[in-house]
Amino acid sequence: MNRILTYQVYPAIPDSLAFLEVLSRNLWWCWKQDAVTLFRRVEPELWKESRQNPIYLLSNVSQTRLEELAADDSFLAHLQRVKDRYTKRVVENVEPSRAIYEEIGPVAYFSMEFGIHESIPIFAGGLGVLAGDYLKAASNMALPLVGVGLLYRKGYFRQYLDQEGVQQEEYPELQFFCLPLERARDSRGNEITISIAGPQGKIQAFVWRVRVGRTPLFLLDTNLPENTPEAREITARLYVAEPKIRLAQEVLLGIGGMRALAAMNIFPSICHMNEGHSAFSALERLAMFMEKYRIDLKTALQIIPRCTVFTTHTPVAAGHDSFPPDWVKPWIRPLKDRLGAGEEEIISWGQPAGFNKNAPLSMFIMGLRMSQYRNGVSSLHGRTARKTWAHMWPGRPEDEIPISHVTNGIHVSTFISQEIWPLFERYLGPEWYMSSRRPENISRIDEIYDDELWRAHEMSRTRLIRTCRELMKKQYERRNAPKSVIDKIQTLLDPEVLTIAFARRFATYKRAHLLLQDPDRLAAILNNETRPVQIIFAGKAHPQDKEGKEIIKHLIEFVRRPEIRQRAVFIEGYDMALARCLVQGADVWLNTPRRPFEACGTSGMKAAINGVLNVSILDGWWCEGYCEERGWRIGDGEEYFDYDYQDATESQALYNVLENEVIPCFYEKQEGELPRRWIQMMKASMKMAMKDFCSLKMVGEYESLYYVPIIHQLKTLLKKNGLEARNLALQEQRLQNLWKDIRIGLSVQTRKGPFRVGETFEVTVEVDLGELNSEEVCVELYNGHMKAVDALEGISTIPMTVVEHLGNGNYRYGCQVPCRLSGRYGFTVRATPGGDDYLKYLPRLITWS
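About the thresholds
Residues numbered from 1 in each chain as written. Predicted model: local features only at pLDDT ≥ 70, side-chain atom pairs only at ≥ 80, totals over all residues. Heavy atoms only, no water. Helix = DSSP H or I, 4+ residues; strand = E, 2+ residues; numbered from the N terminus. Rg over C-alpha atoms; globule rule 2.2 N^0.38 Å. Buried < 20%, exposed > 50% of the residue type's maximum accessible area, 1.4 Å probe, protein only. Contact = heavy atoms within 4.5 Å. Areas by Shrake-Rupley, 256 points an atom, 1.4 Å probe, with all protein chains shown as cover. Lys, Arg positive; Asp, Glu negative; His and termini not counted. Charge placed at Lys NZ, Arg CZ, Asp CG, Glu CD. Arc of directions from axis to C-beta. Pairing = 2+ DSSP bridges. Axes fitted to C-alpha atoms, helices over the stretch in contact; angles between N-to-C directions. Disulfide = S-S within 2.5 Å. Expected span 1.5 Å × (residues − 1). Bend = angle between axes of the 7 residues up to and from the residue. Polar contact = N/O pair within 3.5 Å; in protein donor to acceptor, adjacent residues only side chain to side chain. Phe/Tyr/Trp six-rings, centres within 6.5 Å; stacked < 30°, edge-to-face > 60°. Lys NZ or Arg CZ within 6 Å of the ring centre and 35° of its normal. Salt bridge = Lys/Arg side-chain N within 4 Å of Asp/Glu carboxyl O. Core = buried A, V, L, I, M, F, W, Y, C linked by side-chain atoms within 4.5 Å.

### So, the overall build of the protein
Here comes step 1: In terms of regular secondary structure, the protein is built from 31 helices and 29 strands.
Here comes step 2: Relative to a compact globule of 849 residues, whose C-alpha radius of gyration would be 29 Å, the protein shows 29 Å and is just as compact.
Here comes step 3: C-alpha extents for the protein along the principal axes are approximately 95 × 70 × 50 Å.
Here comes step 4: Residues classed as buried in the protein amount to 57% of the 849 residues present.
Here comes step 5: Counted over contacts in the protein with a minimum sequence separation of 6, partners at least 24 positions apart contribute 72%.
Here comes step 6: A total of about 35400 Å² of accessible surface is found on the protein, and carbon and sulfur atoms cover 49% of it.
Here comes step 7: Distance from the positive charge centre (105 side chains) to the negative charge centre (107 side chains) of the protein: 3 Å.

Following this line, the structure appears as structure tokens:
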């Protein structure tokens, strides 16, 4: 057959319904329940068939139905209500306080994946959903921010299970005409195509735009006829196993992403790298700053880190991408002349100091080197990251490694259930989704009547059970199961029974197997006659993760046991829609990671905002969220070296918590009354999630801690053709050359102890600064409780000042040491660079007495 040319025909939308098309092309609708309901009203069955895709809906609804809606006063009133909210939240001018960004450029947020809605399946899991929530919160807050990612035409895989319970994968192609995509254009209205240089020649990419409320998301796509078949495969799939394709994807994301922004005349003031995948963006950005401001590389290297944020989500060093230098060189070779640097120097920015030139280029290390502002995504994860990467700052105490944390948050209105939404509207007000910025509103959750909240939750649980039955029926029909088996699915699970959900990526550290350490004890819990329990499992293993797939198979074998079948199920095809249903309808959200390998774990937050109670290991966010009024912990936060012993111990702790605390609390009903204590815990959980784990709070912290200081600093750095940055480059070079000559003598106490609380004593020390002067060096007394013979804890630092200039670069420093609390103390003296935090924490520039 000759080549077939395709075209699309859409219904003729009546003028009174024209806003439906506008709304369908902006993903703002997906986090507004009123907008979701509006689309559902168009054609409920078609909406369900479309998997909540409004473009598919409007492409396939009949012309007759559209004419009916155009004459329906009720529907038109609903449409106008949504349009008014859309205009206020998306179209109207931003707050005046955002003018600070107009002078210098927006934030560019780079991520390998964005999970905004299941109708655009270009994400794998938590990292992508977090990135999607970030864009949504930025839209809510009118923060000038653009997202940059890749458009994978086959997305991430769709999961199904074979007869033996072994995970299989399929990669259906995205139907672009059903996605809210539009070609990005330059200032003259031309469609943008960018190019990067690859090992086999030029690679071109389309730039697509997705509207996420106020926030634009730009996605690069190499599936162009002009490209080679190999180049077209770069954006075929997310997280491919082939490392050379991964490298190509990360070059395209970083270097290509910056070029796409430049083609649209977007020159970001801040680059925020969501994981190390986009670290190559710093290379292109260096070249762009050098060209725009006519500065040299050393000067640009003072600017780029000071206006870059690097967020890591991976607690394990081995989880970060790294590539052999010979693979990387062809990709960066075109940057040599623009940067004025050789290939080996550029690659060294991603290698550990002191390693040979053949060491792999680590995307994480490049991210660290090219950023001043680095953070983990929970308090515990920040601590873990500091410990893992302490070797990058030799001589620095672990708690001073310059990696902080901003705890992740969730976009509340994306994940709140349709049953609880109207309660929030009624009791918290019509703009409740901004309530985390008005803490007094959060207390109004207590005003929701217990019976209303419980009734809403029971409806959510019933909806979850109904969804599970529908999905299980499809699973069995696909496997050609007998009619007798399919008929039994209608009685699967019980909407009146305590329901536990375990749904997540099946990485081994997530320990889905922990619940099955004693399968007979678990079976007894599930089949208790007076207080039964049921469990819903869901989740995917990476296609190359054999251990993860084996855990799924093991779970399938358990749930297929005859005595278990009505009380436990595994739902295949885990996606964002199923995840929402689970976090809204379960009673308990179970999380059993191996501490400290859970960076954050936002699914528990999504459950909490719906009144679902968490039962979890004290890892990730739960270390900050747990208290006995709003959930349960498994263990006491211990960390083990013997994993078998850990699993045996913590599985017993899990069974004990379920049997002795969780289950009795749920069934604690006086003469048919409501479970009052459980409901109070639900309310406490919801308040916690809204107040402390909301994406508005998270983005607000990034803005106040990082973005605003960066903008003020950047303005200073760029004044007078970058004079301040040039001076900083000279100062860093001076410190690097002369630091080796610093010597610190023995400290002298003017009084010997012991001392009494409230007393002070003076410490002096002679310091030889060599050719550096005292303004360039910070000398501090490092003081703390004696933890061991040569270790301190509870550290405080006291600045020491020059009390005498002894000549020839020698100074006597001194300070007063206050005795505030009793105990055994110790101190020493150290020298670090003076200046801002970037200079202060330069690796290897620290000298101890």
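### Describing helix H13 (residues 325-332)
Here comes step 1: Within H13, burial applies to Pro-325, Val-328, Lys-329, Trp-331 and Ile-332. For H13, the angular spread of buried residues about the axis comes to 165°, placing them on one side.

### Structural notes on the sheet that holds strand E18 (residues 588-591)
Here comes step 1: Strand order across the open sheet formed by 6 strands is E17-E16-E15-E18-E19-E20, with parallel pairing between neighbours. Each edge of the open sheet is held by one strand with a lone partner, namely strand E17 (568-571) and strand E20 (631-634). Between one strand and the next, the sheet's axes are offset by a mean angle of 20°, whatever the strand orientation.
Here comes step 2: Direction of pairing for strand E19 (residues 613-617) relative to E20: parallel, over a ladder of 4 bridges. If you follow Val-615 over to E20, its bridge partner there is Trp-632.
Here comes step 3: Across the sheet, helix H23 (residues 519-526) touches strand E16 (533-538) and E17, and the angle it forms with E16 is around 120°.
Here comes step 4: Against the sheet, helix H24 (residues 546-559) touches E16 and E17, its axis set at about 140° to E17.

### With respect to the state of the cysteines
By definition, a disulfide is the covalent link that joins the sulfur atoms of two cysteine residues.
Here comes step 1: Scanning the model with the defined rule gives 0 disulfides in all.
Here comes step 2: We note that Cys-178 lacks a disulfide partner, and the nearest cysteine sulfur, in Cys-30, lies 17 Å from it.
Here comes step 3: Looking at Cys-815, it has no disulfide partner, and the nearest cysteine sulfur is the one in Cys-778, 11 Å off.
Here comes step 4: For Cys-815, a relative accessible area of 7% puts it in the buried group.

### As for helix H10 (residues 243-263)
Here comes step 1: Here H10 spans 29 Å end to end across 21 residues, near enough to the 30 Å set by a 1.5 Å rise per residue.
Here comes step 2: Along H10, the helix axis deviates most sharply at Gly-256, where the bend reaches about 35°.
Here comes step 3: Burial of H10 is extensive: 15 of the 21 residues sit out of reach of the surface.
Here comes step 4: Capping the start of H10, Glu-242 holds a side-chain oxygen 3.0 Å from the backbone nitrogen of Lys-244, two or three residues further along.
Here comes step 5: Looking one or two residues past H10, Asn-265 carries a phi angle of roughly 60°, positive in sign.

### Looking at the environment of Glu-732
Here comes step 1: Along the chain, Glu-732 falls in helix H30 (residues 695-738).
Here comes step 2: Separated by 106 residues in the primary sequence, Glu-732 and Tyr-838 place their C-alpha atoms 9.9 Å from one another.
Here comes step 3: For Glu-732, the residues in contact, after removing those within four places along its chain, are Gln-302, Tyr-838, Leu-839 and Leu-842.

### Quick word on the sheet that holds strand E28 (residues 825-833)
Here comes step 1: In spatial order, the strands read E25-E24-E28-E29; together these 4 strands make up an open sheet with antiparallel pairing. Edge positions in the open sheet fall to strand E25 (791-799) and strand E29 (847-848), since each of these has one partner strand only.
Here comes step 2: Bridge analysis of strand E24 (residues 777-788) against E25 gives 7 bridges, and the strand direction is antiparallel. Bridged to Ala-788 within E25 is Ala-791.

### Comments concerning the packing of aromatic side chains
Here comes step 1: Inspection of the entire model under this criterion finds 39 aromatic pairs.
Here comes step 2: With a centroid separation of 5.7 Å and 40° between ring planes, the pair formed by Trp-632 and Trp-678 is classed as tilted. Of this pair, Trp-632 sits in strand E20 while Trp-678 is found in helix H29 (residues 676-692), placing the two residues 46 residues apart along the sequence. Grouping residues by exposure puts Trp-632 and Trp-678 together as buried.
Here comes step 3: Ring centres 4.5 Å apart and planes at 10° place the aromatic pair Phe-755 and Phe-761 in the stacked group.
Here comes step 4: Through pairs of rings, three or more aromatic residues link up here, namely Tyr-109, Phe-114, Tyr-134, Tyr-373, Tyr-702 and Tyr-706.
Here comes step 5: In this structure, Lys-32 is placed above the aromatic ring of Tyr-433, and the distance from its NZ or CZ to the ring centre is 3.2 Å.
Here comes step 6: The lysine or arginine in question, Lys-540, covers the ring of Phe-157, its NZ or CZ lying 4.8 Å from the ring centre.

### A few points about the side chain of Arg-504
Here comes step 1: Here Arg-504 is to be found in the loop between strand E15 (498-503) and H23.
Here comes step 2: Here Arg-504 is buried and forms no salt bridge, its nearest opposite-charge partner Glu-598 lying at an N-O distance of 4.8 Å.
Here comes step 3: At 3.3 Å, the side chain of Arg-504 and the side chain of Ser-603 are in polar contact.

### Digging into the nonpolar core
Here comes step 1: Counting residues in each nonpolar core, the largest one holds 254 residues, and the members touching the most others are Trp-678 and Tyr-707.
Here comes step 2: With 15 residues, the single largest contributor to this core is H30.
Here comes step 3: In contact with Trp-678, not counting residues within four places along its chain, are Trp-454, Leu-498, Asp-587, Val-588, Leu-613, Trp-632, Val-662, Cys-665 and Phe-666.
Here comes step 4: Core analysis: the next-biggest nonpolar cluster, separate from the first, contains 23 residues, Met-472, Ala-579, Val-583 and Ala-607 among them.

### With respect to the side chain of Asn-610
Here comes step 1: Within the element layout of this structure, Asn-610 appears in the loop between helix H26 (603-609) and E19.
Here comes step 2: For Asn-610, a relative accessible area of 0% puts it in the buried group.
Here comes step 3: Polar contacts involving the side chain of Asn-610 include one to the main-chain carbonyl oxygen of Phe-415, which spans 3.0 Å.
Here comes step 4: Setting aside residues up to four positions removed in sequence, Asn-610 forms contacts with Phe-415, Ile-416, Ser-417, Ile-420, His-457, Val-583, Gln-584 and Met-686.

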